[in-house]
Amino acid sequence: MIKLKKIIPPLVLITALITLWWTVVVQTGSVIFPTPLQVVMGALELIEDGTLWEHISSSLMRVGTGFLLAVITAIPLGLWMGRVDGAYATLNPVFQIMRPISPIAWIPLAILWFGVGNASPIFLIFIAAVFPLIVQTAAGVHTIEPRYLNAAENFGVSRYKLYRQVVIPAVLPDLIVGMRISLGVAWLVVVAAEMIALRSGLGYMIMDSRNAGNRYDLVIAGMIIIGVIGLLLDGLMRLMEGHKSVRWRYDR
Amino acid sequence: MTDKIVIKNINKSFSSGNESKAVIDGINLTIADGEFIAIVGPSGCGKSTLMKMIAGFLPPDEGSIAVDGVERKGPNANGILISQHGSVFPWLTVQQNLMFGLNDEQVDKAAVADHYADLVGLKGFEHHYPRELSGGMLKRAEIARALAVKPEILYMDEPFSALDALMSLRIRTELLRILEEERHTVILITHDVEEAVHLANRVVVLSNRPASIQTIFDVPFAHPRKLSDPALQQLRDDILRELGIEC
């Protein structure tokens with residue numbers, strides 16, 4: 001019942017927006033801008049010839065790889081920066097400078113270094129995802145309450161145990177938030193990253209549909225699919241917030 | 001009795017901006033092995049700072065603190081601090097918390113943890129997370145976690161201040177029962193004079209900031225003590241008068 005109450009209002013809004021879109025296209029008699037029906041038909045066409053799955057799986061593979069590389073890099077680095085003041089003081093300014101540079105600005109360098117294969121978009125996604133996660137992880141370590149670190153120090157536990165049972169569980173909620181942001185940004189960048197992709201990916205599909213015959217129905221279908229997959233990915237990350245060992249942070 | 005902790009003429013000041021404020025001003029105190037010392041004083045007089053120094057979390061500016069004749073350099077598991085705000089890890093279960101300080105080589109850590117959970121009346125809550133416990137149970141979990149490592153000294157910084165009067169009395173009684181079984185040296189900081197005379201062998205009264213020792217009262221009564229005992233009440237009034245409160 002409560003779930004229904006949460007689902008109905010956005011559903012009503014989405015229906016209203018689609019109706020508005022449809023009415024405006026019909027009223028203006030636009031020849032280029034597609035109606036919702038044309039978008040659905042276009043998407044069905046791609047599903048039937050199998051290219052849609054290819055594009056989706058290519059994009060997911062690139063985002064997945066770039067994001068995982070970012071996680072593997074950012075979490076140890078963030079933990080280290082959070083614990084060691086010298087590392088933070090040295091690295092943080094550099095990352096703060098790198099962070100606001102749009103991944104699109106890296107495209108020429110990506111082509112120079114990695115060519116136009118899969119490595120370039122993966123590199124761009126990595127660049128987009130790694131900095132927010134580093135920053136969030138280090139900030140998470142900095143906000144661990146001193147009383148917990150004092151208690152750990154008092155019991156004289158080993159470094160391994162300090163990380164395993166205090167530092168990591170204490171920052172885990174921040175890590176999950178960081179990973180949500182990071183994956184969101186990675187997915188956001190996929191279209192730009194795939195502008196230089198060879199022949200696959202949702203970003204490529206959008207650019208290609210525009211270039212090869214003004215197929216705006218496919219452009220919009222691609223946009224909607226990106227949005228829906230982004231929502232699903234975020235939902236997947238949010239599942240981690242339900243884990244027992246992090247609930248202490250969210251239940252307040 | 002042998003001397004457990006010897007505090008010699010310690011001073012501490014904190015500086016904010018250009019100003020330096022003395023917090024602790026020349027405290028000397030010798031605490032015997034197995035003794036229960038309560039420290040009372042006006043609020044904000046530097047009690048917690050004193051405790052942090054004795055427990056090793058804060059070095060004194062001058063003077064020395066020796067435990068078993070060895071000068072204190074940082075905290076260790078021989079003396080566990082039970083802080084005012086509590087430090088039970090919210091991401092571990094009660095049992096995992098109680099096992100936290102135990103040595104990795106120790107066998108049957110879970111059994112040791114469960115024994116101490118039972119001792120403080122948390123039997124049946126071993127697998128609960130701290131957020132599922134009440135304030136009183138959390139405090140008891142923290143005390144059990146400290147006891148589980150068999151520390152020689154317990155440093156208790158207003159451990160019962162967040163509890164209601166009834167719960168505070170119950171935990172105090174439990175603490176005395178546990179101390180009967182396992183002898184610890186205890187330093188208790190409190191603002192509750194009745195709590196001090198209920199538990200301690202000696203009550204140290206601190207002066208206003210910067211804190212120095214104003215008086216030390218002996219509490220020459222055997223346990224179990226009755227709070228309604230006129231002699232105990234008299235002593236309580238004497239201590240309160242020393243703190244500047246007429247009853």
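Criteria and thresholds
- Residues numbered from 1 in each chain as written.
- Chains lettered and ligands numbered in written order.
- Predicted model: local features only at pLDDT ≥ 70, side-chain atom pairs only at ≥ 80, totals over all residues.
- Helix = DSSP H or I, 4+ residues; strand = E, 2+ residues; numbered from the N terminus.
- Buried ≥ 20, exposed ≤ 12 C-beta atoms within 10 Å, placed from the backbone.
- Rg over C-alpha atoms; globule rule 2.2 N^0.38 Å.
- Contact = placed C-beta atoms within 7 Å.
- Nonpolar A, V, L, I, M, F, W, Y, C, P; charged D, E, K, R; others polar.
- Axes fitted to C-alpha atoms, helices over the stretch in contact; angles between N-to-C directions.
- Left-handed = near helix turned anticlockwise from the far one by under 90°.
- Pairing = 2+ DSSP bridges.
- Parallel < 35°, antiparallel > 145°, perpendicular 65-115°, else oblique.
- Core = buried A, V, L, I, M, F, W, Y, C linked by C-beta atoms within 7 Å.
- Expected span 1.5 Å × (residues − 1).
- Bend = angle between axes of the 7 residues up to and from the residue.
- pLDDT = per-residue confidence, 0-100.

### Describing the overall build of chain A
Okay, step 1: Across its full length, chain A holds 11 helices and zero strands.
Okay, step 2: Each helix and strand of chain A, placed in order from N terminus to C terminus, yields the pattern α-α-α-α-α-α-α-α-α-α-α.
Okay, step 3: Expressed as lengths along the three principal axes of its C-alpha atoms, the size of chain A is roughly 75 × 55 × 30 Å.
Okay, step 4: By residue count, 35% of the 252 residues in chain A fall in the buried class.

### Digging into the overall build of chain B
Okay, step 1: The helix and strand inventory of chain B stands at seven helices and 10 strands.
Okay, step 2: A globule of 247 residues ought to have a C-alpha radius of gyration of about 18 Å, and chain B, at 18 Å, matches this closely.
Okay, step 3: Over its C-alpha atoms, taken along the principal directions, chain B stretches across nearly 45 × 45 × 40 Å.
Okay, step 4: By the burial criterion, 43% of the 247 residues in chain B qualify as buried.
Okay, step 5: At a minimum sequence separation of 6, the contacts of chain B that also span at least 24 residues come to 68%.

### With respect to the interface of chain B and chain A
Okay, step 1: Each partner contributes residues to the interface: chain B has 18 residues there, and chain A has 16 residues.
Okay, step 2: In terms of residue class, the side of chain B that touches chain A is built from 12 nonpolar, five polar and one charged.

### Regarding the packing of helix H3 (residues 51-83) of chain A against helix H8 (residues 159-193) of chain A
Residue and element names in this part refer to chain A.
Okay, step 1: The interhelical angle for the contact between H3 and H8, taken along N-to-C directions, is 145 degrees, at an axis separation of 9 Å. Of the two elements, H3 crosses H8, and the hand of that crossing is right-handed. Contact residues: H3 offers Ser59, Arg62, Val63, Gly66, Phe67, Ala70, Val71, Ile75 and Leu79, while H8 offers Val167, Leu175, Met179, Ser182, Leu183, Ala186, Trp187, Val190 and Ala193.
Okay, step 2: Taken together, the residues of the contact of H3 with H8 sort by class into 14 nonpolar, three polar and one charged.

### Considering the environment of A:Trp80
Residues and elements named next belong to chain A.
Okay, step 1: In this structure, Trp80 sits in helix H3.
Okay, step 2: Here Trp80 falls in the partly exposed class, since 16 other C-beta atoms lie within 10 Å of it.
Okay, step 3: Distance in space between the C-alpha atoms of Trp80 and Val141 is 9.1 Å, their sequence separation being 61 residues.

### Description of the pairing of strand E1 (residues 3-16) of chain B
All names here are of chain B.
Okay, step 1: Across 11 bridges, the pairing between E1 and strand E2 (residues 19-32) is antiparallel. Its bridge partner lying in E2, Ile5 is registered against Ile31.
Okay, step 2: Hairpin connection of E1 to E2: two residues between the antiparallel strands, including Gly17 at a positive phi of 70 degrees.
Okay, step 3: Here E1 pairs with strand E4 (residues 62-67) via five bridges, running antiparallel. Residue pairing in the sheet places Lys8 in a bridge with Ser64 of E4.

### Digging into the packing of helix H6 (residues 119-142) of chain A against H8(A)
Residue and element names in this part refer to chain A.
Okay, step 1: Running from N to C, H6 and H8 cross one another at 155 degrees; their axes reach a closest spacing of 8 Å. It follows that H6 is roughly antiparallel to H8 by the angle criterion. When you trace H6 past H8, the crossing you get is right-handed.
Okay, step 2: Across the contact of H6 with H8, the residue classes tally to 22 nonpolar, five polar and one charged.

### Here we look at the nonpolar core
Okay, step 1: A:Ile125, A:Ala129, B:Tyr155 and B:Val203 are the most contacted members of the largest nonpolar core, which has 126 residues in total.
Okay, step 2: Excluding residues that lie within four positions of it along the chain, A:Ile125 makes contacts with A:Arg62, A:Val63, A:Gly66, A:Phe67, A:Ala186, A:Val189, A:Val190 and A:Ala193.

### Comments concerning the sheet that holds strand E6 (residues 79-82) of chain B
All names here are of chain B.
Okay, step 1: Read from one edge of the open sheet, six strands run E6-E7-E8-E3-E9-E10, paired in mixed fashion. With partners counted over all chains shown, the strands left at the sheet margins are E6 and strand E10 (213-218), one partner each. Neighbour-to-neighbour, the strand axes of the sheet open up by a mean angle of 15 degrees, direction not taken into account.
Okay, step 2: Here five bridges tie strand E9 (residues 202-206) to E10, and the two strands are oriented antiparallel to one another. Residue pairing across strands places Val204 opposite Ile216, the latter belonging to E10.
Okay, step 3: Helix-sheet contacts for helix H1 (residues 47-55) involve strand E3 (36-40), E6, strand E7 (153-157), strand E8 (185-189) and E9, and the interaxial angle to E7 is about 160 degrees.

### Some remarks on the sheet that holds E1(B)
Residue and element names in this part refer to chain B.
Okay, step 1: What the four strands build is an open sheet, ordered E2-E1-E4-E5; its pairing is antiparallel. Taken across any chain shown, the strands that pair with only one partner, and hence form the sheet edges, are E2 and strand E5 (70-71).
Okay, step 2: Together, E1, E2 and E4 form the strand contacts of H1, whose direction differs from that of E1 by roughly 125 degrees.

### Details of H8(A)
Okay, step 1: Over its 35 residues, H8(A) extends only 40 Å from the first C-alpha to the last, a length that falls short of the 51 Å expected when each residue adds 1.5 Å.
Okay, step 2: In H8(A), a bend of some 45 degrees at A:Leu172 exceeds every other bend along the element, and A:Pro173, a proline, comes one to four places later.

### Regarding the environment of B:Leu138
Okay, step 1: Looking at the secondary structure, you find B:Leu138 in helix H4 (residues 135-148).
Okay, step 2: For the pair formed by B:Leu138 and B:Val88, sequence separation is 50 residues and the distance between their alpha carbons is 7.2 Å.

### Remarks on unusual backbone geometry
Residues and elements named next belong to chain B.
Okay, step 1: Each neighbour pair has its own omega, and for Arg209 with Pro210 the value is -5 degrees, a cis peptide bond.
Okay, step 2: With respect to the helices and strands, the residue Pro210 is situated in the loop between E9 and E10.
Okay, step 3: Residue Pro224 is reached from His223 by a cis peptide bond, and omega for that bond is -5 degrees.
Okay, step 4: Within the secondary structure, Pro224 is located in the loop between E10 and helix H7 (230-242).
Okay, step 5: Unusually for a residue other than glycine, Lys150 sits at a positive phi of about 50 degrees.
Okay, step 6: Mapped onto the secondary structure, Lys150 falls in the loop between H4 and E7.

### A closer look at the confidence of the model for chain A
Okay, step 1: Looking at chain A as a whole, the pLDDT averages 89, with 98% of positions reaching at least 70.
Okay, step 2: In the model of chain A, helix H11 (residues 247-250) of chain A stands out as the element of lowest mean pLDDT, 78, in contrast to H3(A), which has the highest, 94.

### What about the environment of B:Ser161?
Residue and element names in this part refer to chain B.
Okay, step 1: Tracing the backbone through its elements, the reader meets Ser161 in the loop between E7 and helix H5 (165-181).
Okay, step 2: Along the backbone, Ser161 and His191 are 30 residues apart, and their C-alpha atoms lie at a distance of 8.1 Å.
Okay, step 3: Sequence-distant contacts of Ser161, that is, excluding residues within four places in its chain, are made with Gln84 and His191.

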